[in-house]
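The lines below spell out each chain.
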Amino acid sequence: VVRIARLLRLTKLLRILRAGVIVQRLEDSFPIDYGIMLLFKFFLFSVLYAHWMACVWRLIPSFENEDRSWLDDFYDKEGDEAINVYVVSLYFSVLTLTATGYGDLTPVTNAER
């Protein structure tokens, strides 16, 4: 019974499919150049993907049972405030996405690599 209730709650995720229709309506109602719209979408999805990647990068050490992770190196320098950890995670994800990778924040465990 509990599983069926959970499956029924998953149907709420179908609302995401309506987002495409809403975006299409916005594109049709505003006379914006197609190139500018593509550039805006690229920027929006790049920021969203960098955020998701930063969240995953932060969660990896909490799922592992390793003695050391990238968080240990970071905590030695900055402290343990959540916003600092998120900013460093976002920094790492943006540098990884842009293929810059300065090497000042490195993965330590196999799951992080």
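Position numbers for residues count from 1 along each chain, tracking the sequence in the order it is written. Note on the predicted model: pLDDT of at least 70 is required for a residue's local features to be given, and 80 or more for side-chain atom pairs to be given and counted; whole-chain, interface and lining totals, by contrast, use all residues. Values reported for side chains reflect all heavy atoms of the structure, with hydrogen atoms and water molecules removed beforehand.

With that settled, the discussion passes to the packing of helix α3 (residues 34-63) against helix α5 (residues 82-97). A pair of packed helices can be characterised by two numbers: the angle between their axes and the separation between those axes. Relative orientation of the contacting elements α3 and α5 amounts to 120°, with a least axis distance of 8 Å. Between α3 and α5, the angle falls in the class oblique. Crossing handedness for the pair α3 and α5: right-handed. Taken together, the residues of α5 that come into contact with α3 (itself represented by Ser46, Tyr49, Ala50, His51, Met53, Ala54, Trp57 and Arg58) are Val85, Tyr86, Ser89, Leu90, Phe92, Ser93, Val94, Thr96 and Leu97. Three classes are used, and their members are as follows: Ala, Val, Leu, Ile, Met, Phe, Trp, Tyr, Cys and Pro are nonpolar, Asp, Glu, Lys and Arg are charged, and the others, Gly among them, are polar. Residues belonging to the contact of α3 with α5 are distributed by class as follows: 11 nonpolar, five polar and one charged. To obtain an axis, a line is fitted to C-alpha atoms, over the contacting stretch when the element is a helix, and the angle between two such axes runs from 0 to 180 degrees between their N-to-C directions. Only DSSP runs of H or I reaching four residues or more are called helices, and only runs of E reaching two or more are called strands; each is numbered from the N terminus. Working definition: roughly parallel below 35 degrees, roughly antiparallel above 145 degrees, roughly perpendicular at 65 to 115 degrees, and oblique for all remaining angles. In this scheme the crossing of two helices becomes right-handed for a clockwise turn of the near helix relative to the far one and left-handed for an anticlockwise turn of less than a right angle. Working rule for contacts: check all heavy atoms of both residues, and any pair within 4.5 Å makes them a contact.

By convention here, two paired aromatic rings are described through the distance between centres and the angle between planes. Each pair of aromatic rings taken from Phe, Tyr and Trp, with Trp reduced to its six-membered ring, is defined by centres within 6.5 Å and is described as stacked if the planes are under 30 degrees apart, edge-to-face if over 60, and tilted in the remaining cases. Applying the stated rule across the entire model yields one aromatic pair. Between the aromatic rings of Trp57 and Phe92, the centroid separation amounts to 4.0 Å while the plane-to-plane angle is 15°, which identifies the pairing as stacked. Here the residue Trp57 occupies a position in helix α3, and Phe92 occupies one in helix α5, the gap between them amounting to 35 residues. Working definition: with a 1.4 Å probe on protein chains only, accessible area under 20% of the residue-type maximum means buried, over 50% means exposed, and in between means partly exposed. With relative accessibility at 4%, the residue Trp57 sits in the buried group. Given a relative accessible area of 14%, Phe92 falls into the buried group.

Before going further, it helps to examine the nonpolar core. General note: in soluble globular proteins, nonpolar side chains tend to be found buried as a group. Here, nonpolar core means buried Ala, Val, Leu, Ile, Met, Phe, Trp, Tyr and Cys residues that are tied together by side-chain atoms lying within 4.5 Å of each other. By size, the foremost hydrophobic cluster in this structure holds seven residues: Trp57, Ile60, Trp70, Leu71, Val85, Val88 and Phe92. Looking at this core, the elements with two or more residues in it are α3, α4 (70-78) and α5. In terms of residue count, the dominant contributor to this core is α5 (three residues).

Turning next to the side chain of Ser93. Within the secondary structure, Ser93 sits in helix α5. The exposure class of Ser93 is buried, given its relative accessible area of 0%. Contact partners of Ser93, with chain neighbours within four places excluded, come to Ala50, Met53 and Ala54.

Our next topic: a positive patch on the surface. Judged by side-chain charge, Arg3, Arg6, Arg9, Lys12, Arg15, Arg18 and Arg25 come together as a positively charged surface patch. Among the elements of the structure, α1 (2-10) and α2 (15-29) are those that each provide at least two residues to the positive patch. Mapping Arg25 onto the fold places it in helix α2. Each patch is built from salt-bridge-free residues with over 30% relative accessible area, joining like charges within 9 Å and nonpolar side chains (Val, Leu, Ile, Met, Phe, Trp, Tyr) within 5 Å. What sets the accessible areas is the Shrake-Rupley method with a 1.4 Å probe; for residues, cover comes only from the shown protein chains. Any carboxyl oxygen of Asp or Glu that lies within 4 Å of a side-chain nitrogen of Lys or Arg is treated as forming a salt bridge with it. A residue counts as positive if it is Lys or Arg and as negative if it is Asp or Glu; His and the chain ends are not included. Charge placement uses NZ in Lys and CZ in Arg. For Asp and Glu, CG and CD serve respectively.

Relative to the helices and strands, Ser89 is located in helix α5. On the accessibility criterion, Ser89 (0% relative accessible area) is buried. Other than its neighbours up to four places away in sequence, Ser89 contacts Ala54, Trp57, Arg58 and Trp70.

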